[in-house]
Amino acid sequence: MSRGPIPSNLQLLSNLPSRPVGEKVRFLGCVTSYSTESGCLSLGHLYPRGTNVTVLVDSNLLLESLTSETTRVGEYVNVIGYITAKQPSLILGTPAKETAQLSVQAVMLWSTGPMDIHEYEKSFDEKSSRQESA
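A brief look at the structure comes next. Computed from a predicted model, the values in this text were never measured in an experiment. (Residues numbered from 1 in each chain as written. Predicted model: local features only at pLDDT ≥ 70, side-chain atom pairs only at ≥ 80, totals over all residues. Heavy atoms only, no water.)

### With respect to unusual backbone geometry
A cis amide bond links Tyr-47 to the next residue, Pro-48, at an omega of -5 degrees. Topologically, Pro-48 is positioned in the loop between β3 (40-44) and β4 (54-58). (Helix = DSSP H or I, 4+ residues; strand = E, 2+ residues; numbered from the N terminus.)

### Observations regarding the side chain of Thr-71
Inspection of the secondary structure assignment puts Thr-71 in helix α1 (residues 68-71). Owing to a relative accessible area of 16%, Thr-71 belongs among the buried residues under this scheme. (Buried < 20%, exposed > 50% of the residue type's maximum accessible area, 1.4 Å probe, protein only.)

### Some words on the pattern of salt bridges
For the structure shown, the criterion picks out 2 salt bridges. A salt bridge links Glu-23 to Arg-19, with the nearest nitrogen and oxygen atoms 3.0 Å apart. Owing to a relative accessible area of 11%, Glu-23 belongs among the buried residues under this scheme. With a relative accessible area of 27%, Arg-19 lands in the partly exposed category. A salt bridge links Arg-72 to Glu-75, with the nearest nitrogen and oxygen atoms 3.2 Å apart. (Salt bridge = Lys/Arg side-chain N within 4 Å of Asp/Glu carboxyl O.)

### Here's the deal with a negative patch on the surface
A cluster of acidic side chains, namely Asp-116, Glu-119, Asp-125 and Glu-126, defines a negative patch on the protein surface. Tracing the sequence through the fold places Asp-125 in helix α2 (residues 117-133). (Patch = residues over 30% accessible without salt bridge, like charges linked within 9 Å, V, L, I, M, F, W, Y side chains within 5 Å. Areas by Shrake-Rupley, 256 points an atom, 1.4 Å probe, with all protein chains shown as cover. Lys, Arg positive; Asp, Glu negative; His and termini not counted. Charge placed at Lys NZ, Arg CZ, Asp CG, Glu CD.)

### Quick notes on the nonpolar core
Side chains that are nonpolar tend, in soluble globular proteins, to be buried together. Counting 19 residues, the largest nonpolar core has Phe-27, Leu-43, Val-55, Val-57, Val-79 and Leu-109 as its most contacted members. Among the secondary structure elements, those contributing two or more residues to this core are β2 (24-35), β3, β4, β5 (76-86) and β6 (102-111). In terms of residues, this core owes the most to one element, β6, which gives 4 residues. With residues up to four places along the chain from it excluded, the contact list for Val-57 reads Phe-27, Gly-39, Cys-40, Leu-41, Leu-43, Val-79, Val-104, Ala-106 and Leu-109. (Core = buried A, V, L, I, M, F, W, Y, C linked by side-chain atoms within 4.5 Å. Contact = heavy atoms within 4.5 Å.)

Written out as structure tokens, the structure reads:
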């Protein structure tokens, strides 16, 4: 019997549409837009090549701790949160009027800081090849 919070599952952003609603996930994404009106970030990560998944992250629970760095377009951020919907309806106030494949309620969000994004992606390739050979 667990006495602590449910652990999150580290996922590539492109894998999130295959995860069930209600699952707690951790992922990295690049800020493509932020709406001060809705408090939502739009995140993407074009990996693996050919994917184009967009996630709408509701950051309203974290507004007091958000910084300009975590909402700046082009910045990579880490998110821990719960998948709340798939194919969410268009949210008014989303800057680019983007349509996201799913939405996530963030419970934690922080900047990745300086990191080698290619090493991060490579770690998923290595994890995937280890699972295939097992």
